[in-house]
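Reading the structure
So the chains spell out like this:
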Amino acid sequence: MKKTYFIADLHLSEQQPHLTALFKQFMQNEATKGEALYILGDLFDFWIGDDEKSMLAQIVQTEIKRLTDKGIKVYFQHGNRDFLIGKHFAQKCGLLLLPDYYVIDLYGQPTLICHGDTLCIDDVKYQQYRRKVHNVWRQRLFLCLPLFIRLRIANKIKNKSHQQKNQKAAEIMDVNQEFVCTIMQRFNVQQLLHGHTHQQAIHYFDDSKNRTLTRIVLGDWRNSAPFLVCSEEGYQFYPEKIDL
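Residues numbered from 1 in each chain as written. Predicted model: local features only at pLDDT ≥ 70, side-chain atom pairs only at ≥ 80, totals over all residues. Heavy atoms only, no water.

Digging into the pairing of strand β9 (residues 212–217)
The line we're drawing: Each residue is placed in one exposure class: buried if its accessible area under a 1.4 Å probe, protein chains only, is under 20% of its type's maximum, exposed if it is over 50%, and partly exposed if it falls in between. For the purposes of this entry, the term helix denotes a DSSP run of H or I that reaches at least four residues, the term strand denotes a run of E that reaches at least two, and both are numbered from the N terminus. Two strands are counted as paired when DSSP detects at least two bridges linking them.
Here β9 lies mainly inside the structure; five of its six residues are buried. Bridge count between strand β8 (residues 201–206) and β9: six bridges; the pairing is antiparallel. When the bridges of β9 are listed, H203 appears paired with R215. Linkage of β8 to β9, two consecutive antiparallel strands, is achieved through a turn of five residues, within which N210 is found at a positive phi near 60°.

Here's what the structure looks like:
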């Protein structure tokens, strides 16, 4: 039976080696059973450019290439932490980069996939920040900086982000329901799949046309490695811990 896997918000970093171990085990065991793997953003806790040569970057590229060499397609959508992953990184491991919004045929069900941060429009300050850092010229200027300077900037941004997150109301960091309906109508789909909010769940709701829509939210990786498996028979979350 054909299977498609979805993961998001792994936030891999050298400071969290247990997550890297979980990733390696998932890629070498579970992911090999599928025909495709979709990584919906925030694979890394932060990415400062494709010239990054850390051991972590090499491990991730090696594991992705293991799958793509087997003929398993691996797709990636940028998250708010790793939006600078580029063509060079993708080419080294056979990763296929997707735009912010993308519609796939999920066993007969047109499904819109995205990281999810663009749906959180009530967080006005974040959306303003996102527009700035996604400016092509700003990105090019940043990538021209020496690696050690980019690392310093990245650490400052991460620390500031953690401080602001603790000060924000939980509701503004979640998706805006009305905007979700608008986006799904724009892409003419009744099923949406995303990450970012870290709140694994399946939501059913009606739109203005009285159609029942489905929003599937992927969980984030902490001490476990949650993933979603889809097939012709439907979909199933697997949130249980993978033993190391």
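Focus: the side chain of Q77
For clarity, the cut-off: What qualifies as a polar contact is a pair of N or O atoms within 3.5 Å, subject to a donor-acceptor requirement within protein and to the restriction that residues adjacent in sequence count only when both atoms come from side chains.
Position of Q77 relative to the elements: it lies in the loop between β3 (73–76) and α3 (87–93). A distance of 3.3 Å separates a polar side-chain atom of Q77 from the backbone nitrogen of C114.

Looking at the sheet that holds strand β5 (residues 102–106)
Condition: For helices, the fitted line uses only the C-alpha atoms of the stretch in contact; every axis is such a line through C-alpha atoms, and the angle between N-to-C directions lies from 0 to 180 degrees.
Within the open sheet, the five strands sit side by side as β5-β6-β7-β9-β8. Their pairing is mixed. Of all the strands in the sheet, the pair left with one neighbour each is β5 and β8. Direction aside, the axes of adjacent strands within the sheet are offset by 25° on average. Relative to strand β6 (residues 109–114), β5 is paired through five bridges, and the arrangement is antiparallel. Residue D105 lies in a different strand from β6, and its bridge partner there is P110.

Side note on the environment of N210
Within the secondary structure, N210 sits in the loop between β8 and β9. We classify N210 as exposed; its relative accessible area is 68%. In the structure, N210 is positioned 110 residues away from D100 in sequence and 27 Å away in space, judged by C-alpha atoms.

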